[in-house]
Amino acid sequence: MPPHPPEDWNDVDAWDRYLRSQARGAPRSADDIESLRFAPMVLREGGRLWVPGCGVDPGPALYAALGCRVTVTDISPFAIGWQTALAAKPAARIARDWKAFTDANQLVPTRGSFVARRQDFTRDPPDGGFDVVINCRAFSQLPPDVQRRAARSFERGLRPAGHLIIDTLNVQGDERTILEDSLLEAGFFIPGQEAERWYRDQLAATGIAHVMVLGRPLIPRWDQYPPDEFAACERRDKAILASFRAAYEARVDAAVPEAKRRLADGVTKIAHVLYATG
Ligand SMILES: C[S@@+](CC[C@H](N)C(=O)[O-])C[C@H]1O[C@@H](n2cnc3c(N)ncnc32)[C@H](O)[C@@H]1O
């Protein structure tokens, strides 16, 4: 049976066991290291990066090889030991196509710095006045009150006008609202959030079972309709869900000037929430 993350996120021993099972020694392709896709933005913002709940993601060590000043934190001693050992390796032994990747993305390898520390990210941030905080898949599964605490910790860790990236997997419906509320409460601005929330609310109010994939509602093949009427019901409900799209897009467009203003004001801390479905 494949190992799963612990049910109890406070269970440090279970995290150690899980992360040990996930840790890979062999180099992989840089394109498969998802957290690396934010590199141009992290460098543009100044390169001071905090990765809370880093686990055994090889991305942070590669950020250090791009000249970033990286701090990774995790409650798992295994993760911290693994990250420390990884960061001592040359980048090409972490990503086998490192040169091709940096050339293709016009990134210049430069020695940065790397600190790995055992720390609960829902408490205090490490010192650093970070430009960017990247949290990959280590947020939405927390209970709402813990998400709120973590959001405040991320907010305190950032310099004015810093950016938080929350990279999620399979977070739908109300869970998105809970997550975003925790960030808003902590003082973050989330570009386009009001339009997304409006769209989510309209879609939910239809009562039609749907999942959001790449920002669009899809009707899943569950047992929500009688099997012999599935196609007709799906067609009908697809049309209902689609009826909100134009108004949603108009709201997205209308929100652009305010987002631009907040992004440029030199003060507002911005949260980017990425929803992937896998
Ligand atoms: C699902 S894993 C994701 C790991 C990594 N970010 C990735 O994308 O591969 C969640 C990670 O968060 C860590 N974690 C959970 N709660 C934490 C907390 N309160 N403070 C710090 N790390 C925590 C776990 O030990 C684990 O490494």
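Each value, and the rule that gives it
Residues numbered from 1 in each chain as written. Predicted model: local features only at pLDDT ≥ 70, side-chain atom pairs only at ≥ 80, totals over all residues. Heavy atoms only, no water. Core = buried A, V, L, I, M, F, W, Y, C linked by side-chain atoms within 4.5 Å. Buried < 20%, exposed > 50% of the residue type's maximum accessible area, 1.4 Å probe, protein only. Pairing = 2+ DSSP bridges. Helix = DSSP H or I, 4+ residues; strand = E, 2+ residues; numbered from the N terminus. Axes fitted to C-alpha atoms, helices over the stretch in contact; angles between N-to-C directions. Contact = heavy atoms within 4.5 Å. Domains from an automatic or database assignment. Buried area = accessible area lost by both parts, 1.4 Å probe. Polar contact = N/O pair within 3.5 Å; in protein donor to acceptor, adjacent residues only side chain to side chain. 1 Å grid on protein atoms, 1.4 Å probe; cavity = no way out; pocket = protein on both sides within 12 Å on 5 of 7 lines; lining within 4 Å. Points joined across faces, edges and corners; volume = space filled by probe spheres on them. Right-handed = clockwise from strand over helix to strand, strands pointing away.

1. Quick notes on the nonpolar core
Turning to step 1, where the next piece is worked out: With 59 residues, the main nonpolar core has Tyr-63, Ile-134, Phe-154, Leu-164 and Leu-183 as its most contacted residues.
Turning to step 2, where the next piece is worked out: Ala-195, Tyr-199, Met-212 and Ile-219 belong to the second largest nonpolar core, which has 13 residues in total.

2. A short note on the sheet that holds strand E4 (residues 130-136)
Turning to step 1, where the next piece is worked out: The six strands are arranged E3-E2-E1-E4-E5-E8 in an open sheet whose pairing can be described as parallel. Looking along the sheet, the strands with just one partner apiece sit at the ends: strand E3 (113-118) and strand E8 (270-276). Put simply, the sheet's adjacent strands are angled 15° from each other on average, direction ignored.
Turning to step 2, where the next piece is worked out: Taken together, the two bridges between strand E1 (residues 48-52) and E4 define a ladder with parallel strand orientation. The residue of E4 that forms the bridge with Trp-50 is Val-133.
Turning to step 3, where the next piece is worked out: Sheet contacts for helix H6 (residues 144-157): E1, E4 and strand E5 (158-169); angle to E5, the most-contacted strand, approximately 140°.

3. A few points about the domain arrangement of the chain
Turning to step 1, where the next piece is worked out: Looking at the assigned domains, one finds that the chain contains domain 1 (1-169) and domain 2 (192-268).
Turning to step 2, where the next piece is worked out: Put simply, the middle of domain 1 and the middle of domain 2, counted by C-alpha atoms, are 30 Å apart.
Turning to step 3, where the next piece is worked out: Taken together, the four residues of domain 1 in the interface contact four residues of domain 2.
Turning to step 4, where the next piece is worked out: A combined buried area of about 240 Å² lies between domain 1 and domain 2, and 60% of that area is made up of carbon and sulfur atoms.
Turning to step 5, where the next piece is worked out: Per-residue buried area on domain 1 facing domain 2 is highest for Pro-160, Ala-161 and His-163; these three make up 94% of the total on that side.
Turning to step 6, where the next piece is worked out: Seen at the junction of domain 1 and domain 2, the total is one residue pair in polar contact (both at pLDDT 80 or more).

4. Quick notes on the layout of surface pockets
Turning to step 1, where the next piece is worked out: The calculated volume of the largest pocket comes to roughly 1300 Å³.
Turning to step 2, where the next piece is worked out: Trp-15, Gly-53, Cys-136, Arg-137 and Ala-138 are, among the 49 residues lining the largest pocket, the residues nearest its centre.
Turning to step 3, where the next piece is worked out: Of all the elements in the fold, those that place two or more residues in the lining of the largest pocket are helix H1 (12-22), E1, strand E2 (69-74), E4, H6 and E5.
Turning to step 4, where the next piece is worked out: For the lining of the largest pocket, the element with the most residues is H1, which contributes five residues.
Turning to step 5, where the next piece is worked out: For the second largest pocket, the calculated volume is near 360 Å³.
Turning to step 6, where the next piece is worked out: Elements with a contribution of two residues or more to the lining of the second largest pocket: helix H7 (174-185), helix H8 (193-205), strand E6 (211-213) and E8.

5. Things to note about the pairing of E2
Turning to step 1, where the next piece is worked out: Counting buried residues along E2, five of its six residues qualify, which places the element largely inside the surrounding structure.
Turning to step 2, where the next piece is worked out: Alignment of E1 against E2, held across five bridges, turns out to be parallel. The residue bridging Trp-50 from the neighbouring strand is Thr-71, located in E2.
Turning to step 3, where the next piece is worked out: Chirality of the crossover, the property in question, places the unit of E1, helix H3 (residues 59-64) and E2 among those that are right-handed.

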